[in-house]
Amino acid sequence: MQADEMEVPINNINNSNRQKSLPKVKELFKNQRKDSEGSMELPTLEFEYGDTDSLTAELSELYSYTEEPEFGLNRDCFEEDFRKQVKEKKWIELGLSEQRAYVMRLLDSLEVTNREKRLKVARAVLYLAQGVFDECDTETDVLHWSRHNVFLLYDMGTFTALLELLSMEIDNNQACSSAVRKPAISLADSTELRVLLSIMYLMVEMIRVETEDDRSEWRTARETFKTDLGSPLYNGEPFALMLFTMVNKFCSMNAPHFPMKKVLLLLWKTILFTLGGFEDLQEMKVRGRERLSLPPLPEDSIKVVRSMRAASPASAMELIEQQQQQKRGRRSRRTAYVDSLEGDSPFPRKQPLVKQDSLDTYNERDPFKNDDARDEEEDADDVDSGIEGEGLPWAPKVREKDIEHFLETSRNKFIGFTLGNDTETLVGLPRPIHESVKTLKQHKYISLAEVQIKREETLQQCPMTMGEEDVEETPTETLYVGMLPNLSQYVIALLKLLLAAAPTSKAKTDSINILADVLPEEMPITVLQSMKLGIDVNRHKEIIVKAISALLLLLLKHFKLNHIYQFEYVSQHLVFANCIPLILKFFNQNIMSYISAKNSICVLDYPHCVVHEMPELTAESLEAGDSNQFCWRNLFSCINLLRILNKLTKWKHSRTMMLVVFKSAPILKRALKVKQAMMQLYVLKLLKIQTKYLGRQWRKSNMKTMSAIYQKVRHRLNDDWAYGNDIDARPWDFQAEECALRESIEKFNSRRYDKNQNSDFAPVDNCLQSVLGQRVELPEDFHFSYEMWLEREVFSQPIQWEELLQAQ
């Protein structure tokens, strides 16, 4: 339970009952504090990061617990229609030809004009996609028949029919205006949309996931479906654009009844399917480097991260024990100073220890402590970093710019002048500098982005020589072209939804209502119903955060691989829409509580709930939650958000300074308490890039964190990150940096996508035969007056040959 959720009951306590209630409230806070303190000592989390969770987990998150009664409704709609066509057999007993014939009749029925009948048919289709669970005995059987039916539905053209219905519902102005006028929107307002989106999600997810026993025709269907979804075949745009339009329409308050969780899940899985996941990105990166004849990648980043071990941050007990040992033999000047302030009431022994713990948490130091005492207590907040003699996991990397900076400094020092960008001439430099340059060049790494930037500069400078660029029509390129006109709106809409779903956000009357597709028509009246709905709402928000974080990360990675300026364009929109403080706000909570949250009711999860008898739910069983060590989706979301933050700030000094200004260091340090290697790696990366701006005292007080950075994060050989002497740490005009980047992006977009530009370098037809041979549209009355025009404009005008010659 979040603190802001507790404000309402506490504030509503009247004065007569306030004194009676306070002890209970204090006890509640005390128990929460114990829970949070105990959670800091969790063991290493056995979490494997990937594109998605298990198939069953991904399918279960499609449905809210309030939708559970609709499973039976879907079955009844199917049975009612099926019995009209097939009298005695079950669906799973039919032959393939009989199943195809029945699906064809269903699709014909989807075209009826009666809205109620159409909804019943759609529910019957959804029941097929859900695996005809009433005819199955186990969850495995449900998934088997769901897969079989989904490929059958796709083969019969169901997805195209659903697209037409979805387009009709999106443009249903009557439903939109009715929802806008309603004071409270519930699950019932989005029934048709939820049914359509659920079928589409099941089709995308089931077809996307490969299994060993896939038939050859299923593999062919997968590739066809993947190509169709990523191509502009649906209304002249990729399917993802239709879903982005739904997100935008919802956030502009024009369609508050849209079921956003389902839309976001389907959008994420569509992007994942059509563009590819993390391993696909790695393969595309390798192929891209091969095409440009660049050296291969020094390592497979996915394998390196998976093999890393988590560090062990200090627990609260270790901190206190360390401080007690330090204070037994002496009495610090700080304690004496506090005692003198208190007079007859000396400071209790335990209080300064707790106070010091809180100071260390936020990296504040006591101004009255002398330097010797600081030296003795410098690592009080980082007792054990868990570094146990592992080898360095990453090969070092050096940029061309780093070598240039190194040689510029060396030449200034030893010979008094520089040679610009020349990295070959070493005349006049001592032997150690020669060795250093050799080492730097051994680890030189040229990224795809650097090649793309240089090529773009050449295209801008020499448009006639280079000619028109041959742009490969990849799914990523098609998506970017489709998103380009409204990209800023899409980004702002996604961040609005992320803010509304973040656990640290307080409910406001003017904020977006993201709970329209989870709240029932009739609000709960019992404590048990309220607990169930509370879990459902929290789970609903977590799933939205998961979908948006994964979606944004995929977009950034694919656009960066496709072209660096596509990535930079999306990144700038994210930064200008306050994505950096939003992510920091998200992490400014008890992150251990969020990762270990128990907002799930396993017996209500699909497909478990459709094949097993429902046990009686009690308050105790709901409070207990599941037995998992952590919540997969929440840890996944945290890592995604950290990766996004890294991508936005990497090599950007203006954005790194935003991390410093928003005091991100203590927030990020608290996130290190999560014992998961990948999450810790991205936290340490964010701490590393801002270390040189945090000052000597911070670095001195956080030496264990500095050691962890050295141990876990890739080295840039002459990156002076730990001392702040780097040239990049000097004062910068940060606004100019962003403006220069924005100018480069606009030039790229204008050159590549603005087809109506009036450029001085536009091709001109200067062939006499071609020009004279063109048909020119003339006014109808021209042939009546053309002789007069010739006489006036041509024959009667003397030609000044001398002027013509001089003009030449």
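Reading guide: rules and limits
- Residues numbered from 1 in each chain as written.
- Predicted model: local features only at pLDDT ≥ 70, side-chain atom pairs only at ≥ 80, totals over all residues.
- Heavy atoms only, no water.
- Helix = DSSP H or I, 4+ residues; strand = E, 2+ residues; numbered from the N terminus.
- Buried < 20%, exposed > 50% of the residue type's maximum accessible area, 1.4 Å probe, protein only.
- Areas by Shrake-Rupley, 256 points an atom, 1.4 Å probe, with all protein chains shown as cover.
- Salt bridge = Lys/Arg side-chain N within 4 Å of Asp/Glu carboxyl O.
- Contact = heavy atoms within 4.5 Å.
- pLDDT = per-residue confidence, 0-100.
- Core = buried A, V, L, I, M, F, W, Y, C linked by side-chain atoms within 4.5 Å.
- Patch = residues over 30% accessible without salt bridge, like charges linked within 9 Å, V, L, I, M, F, W, Y side chains within 5 Å.
- Lys, Arg positive; Asp, Glu negative; His and termini not counted.
- Charge placed at Lys NZ, Arg CZ, Asp CG, Glu CD.
- Phe/Tyr/Trp six-rings, centres within 6.5 Å; stacked < 30°, edge-to-face > 60°.
- Lys NZ or Arg CZ within 6 Å of the ring centre and 35° of its normal.
- Axes fitted to C-alpha atoms, helices over the stretch in contact; angles between N-to-C directions.
- Parallel < 35°, antiparallel > 145°, perpendicular 65-115°, else oblique.
- Left-handed = near helix turned anticlockwise from the far one by under 90°.
- Nonpolar A, V, L, I, M, F, W, Y, C, P; charged D, E, K, R; others polar.
- Expected span 1.5 Å × (residues − 1).
- Polar contact = N/O pair within 3.5 Å; in protein donor to acceptor, adjacent residues only side chain to side chain.

Turning next to the overall build of the protein chain. Looking only at helices and strands, one finds 41 helices and 0 strands in the protein chain. A buried classification covers 49% of the 808 residues belonging to the protein chain. On the protein chain, roughly 41900 Å² of surface is accessible, and the fraction owed to carbon and sulfur atoms is 51%.

Here we take up the pattern of salt bridges. According to the stated counting rule, one finds 35 salt bridges in the structure shown. With its nearest N and O atoms 3.1 Å apart, the salt bridge here joins Asp214 to Arg147. One end of the pair, Asp214, is in the loop between helix 10 (191–208) and helix 11 (216–230); the other, Arg147, is in helix 7 (residues 139–155), and 67 residues separate them in sequence. This pair shows no difference in class: Asp214 is buried, exactly as Arg147 is. Between Arg306 and Glu279 there is a salt bridge whose closest N-O contact spans 3.6 Å. Of this pair, Arg306 sits in helix 15 (residues 301–307) while Glu279 sits in helix 14 (residues 278–291), placing them 27 residues apart in sequence. Salt bridges sharing common partners tie together Glu58, Glu61, Glu205, Arg208, Lys269, Glu542, Lys546 and Arg633.

So, on to the side chain of His540. In this structure, His540 sits in helix 26 (residues 527–562). Once residues lying within four places of it in the same chain are set aside, the contact partners of His540 are Ser64, Lys261, Ile514, Leu515, Asp517 and Val518.

Right, let's talk about the confidence of the model for the protein chain for a bit. Overall, the predicted model of the protein chain reaches an average pLDDT of 83, with 82% of residues at or above 70. Taking the mean pLDDT of every element in the protein chain, the minimum, 32, falls on helix 18 (residues 350–361) and the maximum, 98, on helix 13 (residues 260–275). Overall, residues 315–319 carries pLDDT values under 50, and its contacts beyond four positions in sequence, including any with other chains, amount to 11 contacts. Segment residues 329–389: pLDDT under 50, and 90 contacts once partners within four positions in sequence are set aside and those in other chains are kept.

As a further point, take the nonpolar core. Here is a general trend for soluble globular proteins: nonpolar side chains tend to be buried in one another's company. Counting 188 residues, the largest nonpolar core has Trp91, Phe159, Phe239, Leu497, Phe587 and Met679 as the members making the most contacts within it. Considering every element that reaches this core, the biggest residue donor is helix 26, with 15 residues. Not counting residues within four places of it along the chain, the set of residues in contact with Met679 comprises Phe587, Ile591, Ile595, Leu635, Cys638, Ile639, Leu642, Ala671 and Val674. Leu426, Leu429, Ile433 and Val437 belong to the second-largest nonpolar core, a separate cluster that totals 8 residues.

Attention shifts here to a negative patch on the surface. On the surface, Glu210, Glu223, Asp280 and Glu283 cluster together into a patch of negative charge. Residue Glu223 is classed as partly exposed on the basis of its relative accessible area of 44%.

Following Tyr606, the chain continues into Pro607 via a peptide bond in cis, with omega recorded as 5°. You will see that Asn578, though not glycine, has its phi angle at about 65°, which is positive. Along the chain, Asn578 turns up in the loop between helix 27 (564–576) and helix 28 (579–587). Phi is positive for Trp651, close to 60°, though the residue is something other than glycine. Note that Trp651 resides in the loop between helix 32 (632–649) and helix 33 (653–661).

What follows covers the packing of aromatic side chains. Under the definition given, this model contains 31 aromatic pairs. Both rings, one in Phe82 and one in Tyr102, keep their centres 5.2 Å apart while their planes meet at 90°; by these two values the pair is edge-to-face. With Phe82 in helix 4 (residues 69–85) and Tyr102 in helix 5 (residues 96–109), this residue pair connects regions lying 20 residues apart in the sequence. Accessibility assignment for this pair places Phe82 and Tyr102 in one class, buried. Taking 5.5 Å as the distance between ring centres and 75° as the angle between the ring planes, the aromatic pair formed by Phe586 and Phe587 counts as edge-to-face. You'll find Phe586 and Phe587 in the same group, each marked buried. Through pairs of rings, three or more aromatic residues link up here, namely Tyr63, Phe71, Phe78, Phe82, Trp91, Tyr102, Tyr127, Phe133 and Tyr606. Here the basic side chain of Lys397 rests over the ring of Tyr445, its NZ or CZ set 3.8 Å away from the ring centre. When the ring centre of Trp651 is taken as reference, the NZ or CZ atom of Arg399 above it lies at 3.6 Å.

This part takes up a nonpolar patch on the surface. Nonpolar side chains collect at one region of the surface, where Trp789, Val794 and Phe795 lie side by side and expose about 320 Å² of accessible area between them. Position of Phe795 among the secondary structure elements: in helix 40 (residues 782–795).

With that settled, consider the environment of Leu126. Assignment of secondary structure puts Leu126 in helix 6 (residues 115–129). For Leu126, a relative accessible area of 4% translates into the label buried. Here the alpha-carbon distance between Leu126 and Leu202, two residues 76 residues apart in the chain, equals 8.8 Å. In this structure Leu126 touches Asn74, Val195, Ser198, Ile199 and Leu202, once residues within four positions along its chain are discounted.

In this section: the packing of helix 13 against helix 26. At a minimum axis separation of 9 Å, helix 13 and helix 26 run at an interaxial angle of 30°. Accordingly, the angle class assigned to the pair helix 13 and helix 26 is roughly parallel. Two packed elements cross with a definite hand, and for helix 13 against helix 26 that hand is left-handed. Across the interface between the two elements, Lys261, Leu264, Leu265, Leu267, Trp268, Ile271, Leu272 and Leu275 of helix 13 pack against His540, Ile543, Ile544, Lys546, Ala547, Ile548, Ala550, Leu551, Leu554, Leu555 and His558 of helix 26. Residue composition of the contact of helix 13 with helix 26, grouped by class: 15 nonpolar, 2 polar and 2 charged.

One can describe the packing of helix 26 onto helix 27 by two numbers: an axis separation of 5 Å at closest approach and a directional angle of 145°. Where helix 26 abuts helix 27, its residues Leu552, Leu556, Phe559, Lys560 and Asn562 lie against Ile564, Gln566, Phe567, Val570, Ser571 and Leu574. Broken down by class, the residue content of the contact of helix 26 with helix 27 amounts to 7 nonpolar, 3 polar and 1 charged.

Here we take up helix 6. Side chains that are three or four residues apart share a direction in an α-helix, a result of its 3.6 residues per turn. Helix length check: helix 6 (15 residues) gives 21 Å between terminal C-alpha atoms against 21 Å at 1.5 Å per residue, within 8%. Where the residues of helix 6 are buried, they touch helix 4, helix 5, helix 7, helix 8 (158–170) and helix 10. One side-chain oxygen at the N-terminal end of helix 6 lies 2.9 Å from the backbone nitrogen of Glu116; it belongs to Asn114. Gly131 sits one or two positions beyond helix 6 and adopts a positive phi of about 95°.

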